[in-house]
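# A closer look at the structure
Now for the letters of each chain:
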Number of protein chains: 2
Amino acid sequence: MLFCEQCTRVHYEVVPVPVTIKDIARAARMSHSTVSRALRNHPSVSAETTARIQRIAEEMGYVPSAVARSLKTSRTRVIGVIVNRIADPFFSRVLDGIQDVVQDRTYSLFLASANYGLNDDQAIQAMVERRIDGLIICATYMTREYRERLDRQGVPSVLVHNRSAEDAENAIYHDDIFGGQQMTRHLIDLGHRRIAYLGNAHAGRSSHERLQGYRMAHAEAGLSVREDYVLEANSGTAQSGAWGASTLMALSEPPTALFCYNDLMAIGAMSALQKAGLQVPGDWSIVGFDNITLSAFVNPPLTTFDQPKYRLGQQAARMMFDLLDDDSEAAPRPGIVILRGSLLARESAAPPAE
Amino acid sequence: MLFCEQCTRVHYEVVPVPVTIKDIARAARMSHSTVSRALRNHPSVSAETTARIQRIAEEMGYVPSAVARSLKTSRTRVIGVIVNRIADPFFSRVLDGIQDVVQDRTYSLFLASANYGLNDDQAIQAMVERRIDGLIICATYMTREYRERLDRQGVPSVLVHNRSAEDAENAIYHDDIFGGQQMTRHLIDLGHRRIAYLGNAHAGRSSHERLQGYRMAHAEAGLSVREDYVLEANSGTAQSGAWGASTLMALSEPPTALFCYNDLMAIGAMSALQKAGLQVPGDWSIVGFDNITLSAFVNPPLTTFDQPKYRLGQQAARMMFDLLDDDSEAAPRPGIVILRGSLLARESAAPPAE
DNA sequence: CTGAAAGCGCTTACAG
DNA sequence: CTGAAAGCGCTTACAG
């Protein structure tokens, strides 16, 4: 029974109190210093003592306190991750990649959602208070200002697929120029000459780079780009895809192929065309980008670009550990990793009708 | 410069050292006790002192250490969550619901992946070492043994949609009997009499309960269930759906409607039927379950059951906080929350052809 | 090989 | 209203 200043109430303890090294020390008739060392197999403790202490700890159900250890060592072995939304089909797969590498290294993961900018502050603050060893940012809108705050606190950070192009240190990107070029070249190779691109204004850099690849593929093939075929929706949803398709259908000379910023938009566009009585790929060829799980199961299966989402996550975590492991006196060396995916030809793109 | 026993090397400090309450105390010429109280707006500190100290803390860029606070208070304000796989389309949405409630209460989230049973031990161990205040388990296979281990450590746990039916305390389930009944009744109402159910052996309880609902709907309508229409695949993938559809197509008298355990299977089944030249919903009606994002964008849009995934997560978090807030002397009261979703009629189910 | 001591950054009962 | 002291559960330089 104890009295508490904070809530001015009397409390009765009911929860089991965890075993500490002191409890083990008492049981083993050793000092807690020796117990501490024995539990971590420190070479200066004799083999018998180590064995005996570990057995007792096991029997007593001892689980070390990472909290106490962290306070002493000033390392938490926790990596923080900030995402916009956990259920984002792209970033949730990236998270899997991060989690697996982090778990392999016996680190843990702190997760916070930035809610597309609404909770940036709160998320960062919570991470810094918890003294995470490093932060991986999968929140596309997070800006330089936040990174500076992290730098000031001595928290290394890695950016994954950030929308801003300005941040050029410790970042993982996907090669969107290459991807855009591959998709467009595929449509050109099939015989298309009137090819549209439907971008996503919210995506920033990655949409611009896919467009850049689209232009490069045209230039390579000696084709010029018709600017009325280059559209930009204000979101990356299926609804935006439908909007894009409708806009293009209304043109006096509509395209025969459409390259959408992402799969969701491509699927929305396909729906809209089919509702209007058009055949895909008979009348229009449609290609997406990302290779989300279900792109394989729509009808027709979507030709898309397989972004290495899981590998992006793995690389991000590895870059983080490189920063943490770096015990040279110099500042951690900055870096950018750019990964390439590959074209995934399925059935939504075919030669044009004529 | 300091020497380290562990790695027997000399280290040079390069990282910025965080500001502590002692630093603030020195700057403010106050004791660190007073600083501590002032920072938390303790009423016993004078208003001027509080204001002055908070200003100084702000100027010095102070960020409190949750690690130190946790050690002292033996509460971390961290909720752990274990999932099978982060990118799981069902649980990632549940996670969103958990995260939002947890963040609202200014708690943080620890996330670990159980990898479908492969890392159960490691995940639990990490959580207990970090002294999380409570654990929400979204790992379908996790058994009673683990909960007992948690109970012994005094860590309250909440189960979300666990596959085993044995665990009956502090769990959130979806009412799968009701859901299965609704879907089947819908098909019966459309005029179908030969209706198949394709279950998922890996899903355990939830698959059995959907089947139970299917049987109830038949009984209600005075129809008998044909046992050759009741199948069970060994996974919940699109491939399994295709397998189920093929198996049923091969029957001498195939069904006219198919209720699949989940959307992924329904989409796989639909693909298989369309590949075989059959029309959905002309020749076969197909319905799924879950309402995953893309079920609205397949062709035809899938009739499904809208599971309240986000709400499941919210409820789980709320139940956790109920357990934590409970300061009665009695053991936390156990509970089960069962949520109901609703039928979402789209276009993949229609009256049978004949 | 082992132990006593100090300290990581906080909170809080107790004394003034 | 403020401060000195103890302590949360560990790690580790130092002394024996």
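Source: prediction; values computed, not measured.

### Here we look at a negative patch on the surface
A cluster of acidic side chains, namely A:Glu145, A:Glu148, A:Asp151 and A:Glu169, defines a negative patch on the protein surface. Checked against the element boundaries, A:Asp151 lands in helix H7 (residues 144-152).

### Some words on the domain arrangement of chain A
What the domain assignment lists for chain A is domain 1 (2-64), domain 2 (74-174 + 310-340) and domain 3 (176-307). The C-alpha-based centres of domain 1 of chain A and domain 3 of chain A are spaced at 62 Å.

### Quick word on the environment of A:Tyr197
Residue and element names in this part refer to chain A. Summarising the element assignment, Tyr 197 is placed in strand E8 (residues 195-200). In this structure the C-alpha to C-alpha distance between Tyr 197 and Ile 267, which are 70 residues apart in sequence, comes to 14 Å. Once residues within four sequence positions are removed from consideration, Tyr 197 is found in contact with Ser 207, Arg 210, Leu 211, Tyr 214, Tyr 229, Val 230, Leu 231, Leu 258, Phe 259 and Tyr 261. Within the structure, the side chain of Tyr 197 is placed 3.1 Å from the backbone oxygen of Ser 207, a separation counted as a polar contact.

### Quick look at unusual backbone geometry
Omega for the peptide link from A:Val280 to A:Pro281 comes to 10 degrees, which places this bond in the cis form. On the secondary structure map, A:Pro281 appears in the loop between helix H11 (263-275) and strand E11 (285-287). The phi dihedral of A:Asp290 is positive, around 120 degrees, even though this residue is not glycine. Tracing the sequence through the fold places A:Asp290 in the loop between E11 and strand E12 (304-306). Its identity as a non-glycine residue notwithstanding, B:Asn170 has a phi of 50 degrees, on the positive side. Tracing the backbone shows B:Asn170 in the loop between strand E6 (157-160) and strand E7 (171-174).

### Quick word on the interface of chain B and chain A
Across the boundary between the two partners, chain B contributes 67 residues, which contact 67 residues of chain A. Between chain B and chain A, a total of about 5800 Å² is buried, with carbon and sulfur atoms accounting for 55% of that surface. For the pair chain B and chain A, the interface holds four salt bridges. Between A:Arg85 and B:Asp96 there is a salt bridge, and its shortest N-O distance comes to 3.7 Å.

### A few points about the packing of aromatic side chains
Residues and elements named next belong to chain A. Scanning all chains against the criterion turns up 15 aromatic pairs over all chains. With a centroid separation of 6.3 Å and 75 degrees between ring planes, the pair formed by Phe 178 and Phe 305 is classed as edge-to-face. Taken together, the positions of Phe 178 in helix H8 (residues 176-189) and Phe 305 in strand E12 put the pair 127 residues apart, joining distant regions of the chain. The same class applies to Phe 178 and to Phe 305, which are both buried. Taken together, the ring pairs connect Phe 178, Tyr 197, Tyr 214, Phe 259, Phe 289 and Phe 305 into an aromatic cluster.

Each value, and the rule that gives it
Residues numbered from 1 in each chain as written. Chains lettered and ligands numbered in written order. Predicted model: local features only at pLDDT ≥ 70, side-chain atom pairs only at ≥ 80, totals over all residues. Heavy atoms only, no water. Patch = residues over 30% accessible without salt bridge, like charges linked within 9 Å, V, L, I, M, F, W, Y side chains within 5 Å. Areas by Shrake-Rupley, 256 points an atom, 1.4 Å probe, with all protein chains shown as cover. Salt bridge = Lys/Arg side-chain N within 4 Å of Asp/Glu carboxyl O. Lys, Arg positive; Asp, Glu negative; His and termini not counted. Charge placed at Lys NZ, Arg CZ, Asp CG, Glu CD. Helix = DSSP H or I, 4+ residues; strand = E, 2+ residues; numbered from the N terminus. Domains from an automatic or database assignment. Contact = heavy atoms within 4.5 Å. Polar contact = N/O pair within 3.5 Å; in protein donor to acceptor, adjacent residues only side chain to side chain. Buried area = accessible area lost by both parts, 1.4 Å probe. Phe/Tyr/Trp six-rings, centres within 6.5 Å; stacked < 30°, edge-to-face > 60°. Buried < 20%, exposed > 50% of the residue type's maximum accessible area, 1.4 Å probe, protein only.

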